[in-house]
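Structural overview
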Amino acid sequence: MSGAGEFPEMPPPEPVDLTNCDREPIHIPGSVQPHGVLLAVRADDDLTVVQVSANIAETLGREAAATIGRPLRELVGDAAAKAVRDVVRTAFDLRGAGPVDLVVGDGHDLRRYDALLHRVGEQVVIELQAARSTRPLSYSGTYARTRQSVLRLSSSSSLTELYDVVVEEVRRLTGFDRVMVYRFDAAWNGEVVAEAKLDRLNSFHGLHYPATDIPAQARALYERSWLRLIPDVDYRPVPLVPAVNIVTGGPLDLSDAWLRSVSPIHIEYLQNMGVTASMSISLLRDGRLWGLIACHHYSGRHEPGYEICAAAEFLGHLFSLRLVSRENEQTLESTLATREALDQILVEAQSGGALLVDVLTSGGPNLADLIDCGGVSVAIDGEYRTFGAVPPREAQRAAFDALGTEGAILACDALPRDAPHMAEHRDVACGILAFRLSGDEGVAWFRPETVRTVDWGGDPRNKELNAREGAGVRLSPRRSFDRWREVVRDRARPWSAHDLAIAAELRQHLLRLVYPGARRGADLARLMQESLLPERLPPIPGFEIEAWYDPAAAGRVGGDWYDAVPMPDGRVALIVGDVAGHGVAAAGTMAQLRNALRAYVVDVDPADPRPARSVLDRLDRLAAALLPEAIATVAVAVTDPVTGLAQIASSGHPPPVLLSAVGEPVVVEVEIAPPVGAAIPGLAATRPPATAGEAVDAPGGWTARVRLAPGDALALFSDGLTERRTEAPDVGIERLRAQADGAAAAHPDLRGLGDSLFRTCRDPDNDDDATLLLLRRRPPHQP
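Residues numbered from 1 in each chain as written. Predicted model: local features only at pLDDT ≥ 70, side-chain atom pairs only at ≥ 80, totals over all residues. Heavy atoms only, no water.

What follows is about the overall build of the protein chain. A count of helices and strands for the protein chain gives 20 helices and 34 strands. For the protein chain, buried positions account for 52% of its 783 residues. In the protein chain, once contacts between residues fewer than 6 apart in sequence are set aside, the share between residues at least 24 apart is 66%. Accessible surface, the protein chain: about 35100 Å² in total, of which carbon and sulfur atoms supply 52%. (Helix = DSSP H or I, 4+ residues; strand = E, 2+ residues; numbered from the N terminus. Buried < 20%, exposed > 50% of the residue type's maximum accessible area, 1.4 Å probe, protein only. Contact = heavy atoms within 4.5 Å. Areas by Shrake-Rupley, 256 points an atom, 1.4 Å probe, with all protein chains shown as cover.)

At their nearest, the axes of helix α9 (residues 306–351) and helix α14 (residues 497–514) sit 12 Å apart, and the two run at 15° to each other. Relative to α14, the element α9 lies roughly parallel. Note that α9 runs across α14; the crossing there is right-handed. For the pair α9 and α14, the contacting residues are Ser334, Thr335, Thr338, Arg339, Leu342, Leu346, Ala349 and Gln350 in the first and His498, Ile502, Glu505, Leu506, His509 and Leu513 in the second. Broken down by class, the residue content of the contact of α9 with α14 amounts to six nonpolar, six polar and two charged. (Axes fitted to C-alpha atoms, helices over the stretch in contact; angles between N-to-C directions. Parallel < 35°, antiparallel > 145°, perpendicular 65-115°, else oblique. Left-handed = near helix turned anticlockwise from the far one by under 90°. Nonpolar A, V, L, I, M, F, W, Y, C, P; charged D, E, K, R; others polar.)

Bringing helix α4 (residues 78–90) into the picture now. Along an α-helix, residues three or four apart share an orientation, since each turn contains 3.6 residues. For α4, spanning 13 residues, the distance from its first C-alpha to its last is 18 Å, which sits close to the expected 18 Å at 1.5 Å a residue. Listed in full, the buried residues belonging to α4 are Ala80, Ala81, Val84, Arg85, Val87 and Val88. The buried residues of α4 all sit within an arc of 160° when viewed along its axis, so they share a single face. Structural note: α4 exposes Asp78, Ala79, Arg89 and Thr90 on the side pointing more than 90 degrees away from its buried face. Taken together, the buried residues of α4 touch α3 (73–76), β4 (100–106), β5 (109–120) and β6 (123–130). (Expected span 1.5 Å × (residues − 1). Arc of directions from axis to C-beta.)

Below, the discussion takes up helix α8 (residues 264–272). All buried positions along α8 are accounted for by Ile265, Ile267, Glu268, Tyr269, Leu270 and Asn272. At the exit of α8 stands Gly274, carrying a positive phi of roughly 85°.

Topologically, Pro606 is positioned in the loop between α16 (583–603) and α17 (611–626). Sequence-distant contacts of Pro606, that is, excluding residues within four places in its chain, are made with Asp569 and Arg571.

This part is about the nonpolar core. The biggest cluster of nonpolar side chains holds 54 residues, and the ones touching the most others in it are Trp561, Leu574, Leu619, Val634, Val636, Leu714 and Leu773. The greatest single-element share of this core, amounting to seven residues, is contributed by α16. Apart from the residues within four sequence positions on either side, Val636 is in contact with Leu574, Ile575, Leu597, Ala612, Val615, Leu616, Gln647, Ile648 and Ala649. (Core = buried A, V, L, I, M, F, W, Y, C linked by side-chain atoms within 4.5 Å.)

This paragraph deals with the pairing of strand β11 (residues 238–241). Where strand β1 (residues 31–32) and β11 come together, two bridges link them in antiparallel fashion. Its bridge partner lying in β11, Ser31 is registered against Pro239. (Pairing = 2+ DSSP bridges.)

Our focus in this paragraph is the pattern of salt bridges. Applying the stated rule across the entire model yields 33 salt bridges. Put simply, Arg89 and Asp45 hold a salt bridge, and the shortest N to O gap is 3.2 Å. Placement of the pair is Arg89 in helix α4 and Asp45 in the loop between β2 (37–42) and β3 (49–53), with a sequence separation of 44 residues. Here Arg89 and Asp45 have matching classes, each one exposed. (Salt bridge = Lys/Arg side-chain N within 4 Å of Asp/Glu carboxyl O.)

Strand order in this open sheet of five strands is β15-β14-β18-β17-β16, and the pairing throughout is antiparallel. Across the chains shown, the open sheet's two edge strands, defined by having one partner strand only, are β15 (383–388) and β16 (410–412). Along the sheet, successive strands turn relative to each other by an average axial angle of 10°, direction set aside. Pairing geometry for β16 and strand β17 (residues 431–438), over three bridges, is antiparallel. Each bridged residue has a counterpart across the sheet, and for Leu410 the counterpart in β17 is Ala434. α14 contacts β14 (375–380), β16, β17 and β18 (441–447) of the sheet and is inclined by roughly 25° relative to β17.

What follows is about the packing of aromatic side chains. Following the criterion strictly, the structure yields eight aromatic pairs and no others. Taking the centre distance of 6.2 Å and the plane angle of 40° together, the rings of Tyr163 and Trp290 count as tilted. Remark: Trp290 occurs in strand β13 (residues 288–297) and Tyr163 occurs in helix α6 (residues 159–174); sequence separation between them is 127 residues. Take Tyr163 and Trp290: they sit in the same class, and that class is buried. Ring centres 6.2 Å apart and planes at 55° place the aromatic pair Phe435 and Trp445 in the tilted group. Pair noted here: Phe435 is in strand β17 and Trp445 is in strand β18, with a separation of 10 residues, a long-range link. The lysine or arginine in question, Arg178, covers the ring of Phe204, its NZ or CZ lying 3.7 Å from the ring centre. (Phe/Tyr/Trp six-rings, centres within 6.5 Å; stacked < 30°, edge-to-face > 60°. Lys NZ or Arg CZ within 6 Å of the ring centre and 35° of its normal.)

Moving on, we get to the state of the cysteines. All told, the structure shown has zero disulfides when counted by the stated rule. Take Cys430: it sits in no disulfide, and the sulfur closest to it among the cysteines is that of Cys412, at 8.2 Å. (Disulfide = S-S within 2.5 Å.)

Tracing the backbone shows Ser651 in strand β27 (residues 645–651). In terms of polar contacts, Ser651 uses its side chain to reach the side chain of Arg613, at 2.7 Å. In this view, Ser651 contacts Arg613, Leu616, Ala632, Thr633, Val634, Ala673, Pro674, Pro675 and Val676; residues no more than four positions away in its chain are not counted. (Polar contact = N/O pair within 3.5 Å; in protein donor to acceptor, adjacent residues only side chain to side chain.)

Turning our eyes to something else, we now look at the side chain of Arg762. Within the element layout of this structure, Arg762 appears in the loop between α20 (750–761) and β34 (770–777). Taking relative accessible area as the criterion, Arg762 reaches 10% and is therefore assigned buried. Side-chain polar atoms of Arg762 contact the backbone oxygen of Asp768, separated by 2.7 Å. Ignoring sequence-local partners within four residues, the contact set of Arg762 consists of Asp550, Pro551, Gly720, Leu721, Arg724, Leu757, Asp768, Asp769 and Ala770.

With that settled, the discussion passes to the packing of α6 against α9. Contact geometry of α6 with α9 gives a least axis separation of 10 Å together with a crossing angle of 175°. With respect to α9, the axis of α6 lies roughly antiparallel. Contact with α6, carried on its side by Leu159, Leu162, Tyr163, Val166, Glu169, Val170, Leu173 and Thr174, involves Ile308, Ala311, Ala312, Leu315, Phe319, Arg322, Leu323, Arg326, Glu327 and Gln330 of α9 and no other residues of that element. Tallied by class, the residues present in the contact of α6 with α9 amount to 12 nonpolar, two polar and four charged.

This is how it looks when you write it as structure tokens:
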């Protein structure tokens, strides 16, 4: 191979401007920044080179095209290649293994590099940067750089002090002209809450920036890669050679690459701000992006060494931990005060000395002491009371009818926007936090309109401008970042997570106080069931996962549950189950089976060839020994995110449906073993013909194996989604399969697909609860 022209080329990308930057595939730019060299190699013994950055000759003395197909040792030498190969073979997470210290060259021409490694499918990406200080890096050296910073962060006594310390220490460490803490709100607008800068620079502290400044796909990469460096915003991107990756047949995914080239829109944005170099450090809370430490330079190129960047990233992690700790401390203080008031209210309510509505709205403590508000209203047992300023009762009913659902906590801080008929009551009810107990009974807190001013970094409504480009015009990032003040109306002070938690807890207490006997049992069962359903499904690398649950009609509690359990070896077990019966007994049985199955999944032997069948067999033995009256159907799909292989087993449960990206959906033919708790000793199951997947013989049933290709989806569901009284069960499953065929094409987003299946397959007259769990492998072009 003698020239890049011999390689296949990618089609030209769609031009990017502000009309489509939210869809820009920033993870596959096809180029890198020039302050290092990138090589993609196969994970074989030779580490065969399949793709390189075009500037490789500057570092390794070989033209890019001449390196393709060659073993790594021919480029860097035997010793350096062995060092890389040893790390690839032994490190579980290459990104966490730190830089590999490589010495390249011979004689007097020895050059030292930091080699940053990460995996992309079956390839290893190697990024080389010239080492600038003593190597190898040591713990003591890193600690010496950050010791003062660690001590200052650890001794910070408030959130404000914590913000100030981290920007001062990161700026001292990295030498950037300006360092900021940039915090996101619920709508992903950003605010600069702390700043350290050169005296001559104007301040950004307190300025807000619209969510469009950092689009969703960029935020997703910030959650994945915690440090981003652009030493020179005027750099010229270095293309990858060849443009088409030999292994994948498409562009190389650079999501985790240190050198990944930057969106031209982001570069233009920084240039419009006068920034010449930048760095950002992600701040996470519970695995979600909370904010950024943003570093700007204004006086030319600026490139801190890798060891400095690693130390700054460490400070970002420590800051995140301290941030969570300080916020938890403040929440605890507030919770203790609220808990004392709630306990006093409940003691008086249980004494029976006064009507419950009077206890909840009396002089004090009352419901207004639990949640800060302008007024509160209570309707229980035909009695209605208020405290403070509230809107008319009819307006309250209308607001809840428009926004609320039975059993859910309603929280809204913009009633004039979301329920326009409430606009005339904004002076007392611009925000509402409420719950229904049943019918016309419930509790509502209200907050008045809070007129506030927001200082933006430039007019957020003019986030773009027309830029002349040749004979045409395109949309370009705004160039003015002068302070722009907006007066915000028709909004109340937002309800906090603490407020919502107190409201939910109060609702549970009131249900126990107000509704005795069977009604109390039904509500308790519903609460038990709701508490066992996952609040959030775990992220699965390379996959999307969504779940839907619809409770039984007439307030009855069924036995459905779903789960996604991460396994120690990286696989994930998807579970959908259905306990026979309704009410408290069914909910209690569901809780025991669900928790036992979780434990078995986590404890499964990684070498077990039939993990899904094994955990169901253990669950059946448990039910026979400890829950002799329990009957449940369960389906388990143990899925490997790396290979896409799903191993599926069923005990009495409907078979999953495989939604192929390139063909018609098919029902996975998996042998249905008896339900958990209903196995008949000595009964041998017969093996049906397979139409999707392959069978693995095993005692007590076999496991279907389905490999999810990019774009394929797997649907696990309960019979409440498919069955109708007048039909055989197979008819409903076939209806789901047929509906999935058209819905998958009409709804490329997984949430829309599931909504469509629920809407078209669920029988409105079915009084059973229904569950759907969808897992889809992301297509190669999707981040």
